Amino acid sequence: MIMWFLRRWFWNFFGWLKMSLNKPLVIPLPAGDGTPITPVPLREAVPQLPIDTILVCDPAQIPRDEFNKAQMLVYKLQIWLYSAFSPMQAGLPPIDADPVRALNKAYTWLHRTRFAPPELPAEYLGSPDLGSLAVRGPYACYLQRLGDDRYEWDFSSLEGYELHDGLRPLGVKVSFELNRQRRMLQAVRIDCALGAVEVGQPGWEQAKKLALCAASTHLSLVRHFNGVHLIGGAHLAVATRNQLPPAHPLRRLLWPYVYATQQSNDIVTRGQMLPGGDFETTFSFTFDGMCKLFEDSYADYRLVVNDPECDAKIRGTWQAGFVTPSQDIQVALFEVMHAHARDYLQLYYAEPHAVRNDASIGAWLDQLNALIPNGVGVLCSDVDFDSLARLVARFMYLVTVQHELLGSCMWHYQLWTHRQPVRVYLNGQREPRDVYQRLVNANYNLNVSRRALMHDFSYLALDAPGAAAMQAFQRSLQELQVSMERSPRAVWTLYPGALKVNINA
Ligand SMILES: [Fe+2]
């Protein structure tokens, strides 16, 4: 236990130090372009990661004007320490049965000097209310209509990947029924490794834990890291840098949303995905299982998840006869971004066909369609003002709202493992102390201080009208913030003031 004490405090201090030293990015004007980035298979960029389908920036191609040497050295030290003095220690007892005591043990006074502890979502006060979680908070994105008044969460895509010993598999489906009088959903059945478990039957509570473990795992690995970091965010940054010259109006608009993405992605990919990294040591999958899941789910990506209204219509949750509070907030945030994209682009593309006549926009779309699995839904041959503005809004939403929902917002969910375990053990035990401590520290570091979306970026504009449009966007965000503050706050409420401008530390 002395070794565990030393390990725990060493890594707690390391996490706290990173939290303390991290400062919001200063985003300079786009510089003259160097060599274009040519994405390569992940296996070539990081030889320890046997994944070919995922394309990333080769570390040698990280743009010089986005390179932060001090940050790179700290991460190299961290990755070296993973093997030299691992935060994991086999054979530790499980965490305390009392969730508050378990949290207090892992989330120390030192952590709390930099960031407040998580709140318990109302849905977790008693036995988890899956019907409420289907429309409130991060898991609302998974709800889809089956027909009539039947809905589901489908995590069957998590089945079949190699697990650590002693864990239950995560292929889970949760069936919901709509109560039209009360305009709410109720979970009625869970198909999982325990069989088909109906509400009220023995095993229902355990099946709910398995469902929430699957939701949390899919959200962190597939939606957040694969979808936002490795696919949407990375490829948007590559195409924007490669195809839009520094003085192009769209480059200036998107610059704060993409600046420094390649280096940030490179270091967090190593910290989380390498053997001994956060993903393998906290979630259910072995290193091989995790790599295969990333490889497979990369091909299934759909950019439309970053357009809450279109996505809701596809999933059948748009005006479907029940309350959708999280979806409503996401639509309100998207609409502010969409209006801004239209106002700004109108300054430079007012003429009919102006968008299609811009060769840089065409090349940008071609590269996005080549890099992003299943494309971006807009081709250079059919792009017009409306489709360009909506696509730009989707990208702004991706790196701000979507990233916050899937990253920092999980702070209030993922640490309550008595409700949503990070691993479900066959023998019913709770997570070992090292697994839980690492989960806490990994989530802690998702909350490092980063450049806010609500910040004056008008210095990046090409001209006075462009600067005015950027400032008008800030006023719209502020107005939405004020109107949202008139309603009671819940842990899942996502305010404009909480959003960061990009996915990078
Ligand atoms: Fe992230």
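Remember, predicted model here, so these are calculated numbers, not experimental data. (Residues numbered from 1 in each chain as written. Predicted model: local features only at pLDDT ≥ 70, side-chain atom pairs only at ≥ 80, totals over all residues.)

Chemist: Which parts of the structure should I look at to understand the overall build of the chain?
Modeler: Check the secondary structure of the chain and you find 18 helices and seven strands. For 505 residues, the compact-globule estimate of 2.2 N^0.38 gives 23 Å, and the chain sits close to it at 22 Å. Its C-alpha atoms give the chain principal-axis dimensions of roughly 65 × 60 × 40 Å. Buried positions account for 47% of the 505 residues belonging to the chain. Considering only contacts in the chain between residues 6 or more positions apart, those separated by 24 or more positions represent 73%. (Helix = DSSP H or I, 4+ residues; strand = E, 2+ residues; numbered from the N terminus. Rg over C-alpha atoms; globule rule 2.2 N^0.38 Å. Buried ≥ 20, exposed ≤ 12 C-beta atoms within 10 Å, placed from the backbone. Contact = placed C-beta atoms within 7 Å.)

Chemist: Explanation requested: the environment of L253 in the structure shown.
Modeler: With respect to the helices and strands, the residue L253 is situated in helix α8 (residues 249-258). Taking the C-alpha atoms as reference points, L253 and A469, 216 residues apart in sequence, are found 10.0 Å from one another.

Chemist: I tried to follow the nonpolar core on my own but got confused; where do I start?
Modeler: In a soluble, globular protein the nonpolar side chains are often hidden away together inside. Judged by nonpolar contacts, the single largest core of 137 residues is most densely connected at A134 and A211. Ranked by residues supplied to this core, first place goes to helix α7 (residues 204-243) with 19 residues. Shared between two domains, this core takes at least three residues from each, and those domains are domain 1 (2-120 + 219-498) and domain 2 (127-208). (Core = buried A, V, L, I, M, F, W, Y, C linked by C-beta atoms within 7 Å. Domains from an automatic or database assignment.)

Chemist: Explain the sheet that holds strand β3 (residues 144-147) to me, please; I cannot follow it from the model alone.
Modeler: Whether parallel or antiparallel, the strands of a sheet pair through hydrogen bonds between backbone atoms. Strand order in the open sheet formed by five strands is β3-β4-β5-β6-β7, with antiparallel pairing between adjacent strands. Lying at the two open borders of the sheet, with one neighbouring strand each, are β3 and β7 (195-198). Averaged over all pairs of adjacent strands, the angle between strand axes in this sheet comes to 30 degrees, irrespective of strand direction. Of the pairings in the sheet, the one linking β3 to strand β4 (residues 150-154) comprises three bridges and is antiparallel in character. The residue bridging G147 from the neighbouring strand is R150, located in β4. This element, α7, spans β4, β5 (173-179), β6 (184-192) and β7 of the sheet and lies at about 95 degrees to β6. (Pairing = 2+ DSSP bridges. Axes fitted to C-alpha atoms, helices over the stretch in contact; angles between N-to-C directions.)

Chemist: Would you mind showing me how to read the pairing of β4 here?
Modeler: Successive side chains on a regular strand alternate, one facing one side of the sheet and the next facing the other. Taking every second residue as pointing to the same face, the buried face of β4 carries Y151 and W153, while none of R150, E152 and D154 on the other face is buried. In this antiparallel pair of consecutive strands, β3 and β4, the connection spans two residues, and D148 shows a positive phi of 45 degrees. Pairing analysis gives five bridges linking β4 to β5, with the strands arranged antiparallel. What sits directly across from Y151, in β5, is F176.

Chemist: What is the right way to read the environment of R251 from this model?
Modeler: Looking at the secondary structure, you find R251 in helix α8. With 211 residues separating them along the chain, R251 and V40 place their C-alpha atoms 23 Å apart. Residue contacts for R251: discarding those within four places in its chain leaves P30, T240, L244, P245 and P246.

Chemist: Explain the domain arrangement of the chain here, please?
Modeler: Interfaces are frequently sized by the accessible area removed from exposure as the parts join. Each assigned domain of the chain is listed with its residue range as follows: domain 1 (2-120 + 219-498) and domain 2 (127-208). For domain 1 and domain 2, the distance between their C-alpha centres works out to 26 Å. On the side of domain 2, 24 residues touch domain 1, which itself brings 34 residues to the contact. Residue assignment for the side of domain 1 that touches domain 2 shows that the elements contributing at least two residues are α11 (287-298), α13 (325-348) and α15 (385-406). Broken down by element, the side of domain 1 that touches domain 2 gets its largest block of residues, five residues, from α11.

Chemist: In this structure, what is going on with the pairing of β5? I would like to understand it.
Modeler: Bridge analysis of β5 against β6 gives seven bridges, and the strand direction is antiparallel. Residue L178 lies in a different strand from β6, and its bridge partner there is L185.

Chemist: Even after reading the chapter, I still don't get the packing of α7 against helix α9 (residues 261-273), so can you show me in this structure?
Modeler: The axes of two packed helices give the description: the angle between them and the distance between them. For the pair α7 and α9, the least separation of the axes is 10 Å and the interaxial angle reads 155 degrees. One way to sum up the angle between α7 and α9 is to call them roughly antiparallel. The interaxial crossing formed by α7 with α9 has left-handed handedness. Between α7, through F225, H229, L230, G233, A234 and A237, and α9, the contact on the second element is made entirely by T261, Q262, N265, V268 and Q272. (Parallel < 35°, antiparallel > 145°, perpendicular 65-115°, else oblique. Left-handed = near helix turned anticlockwise from the far one by under 90°.)

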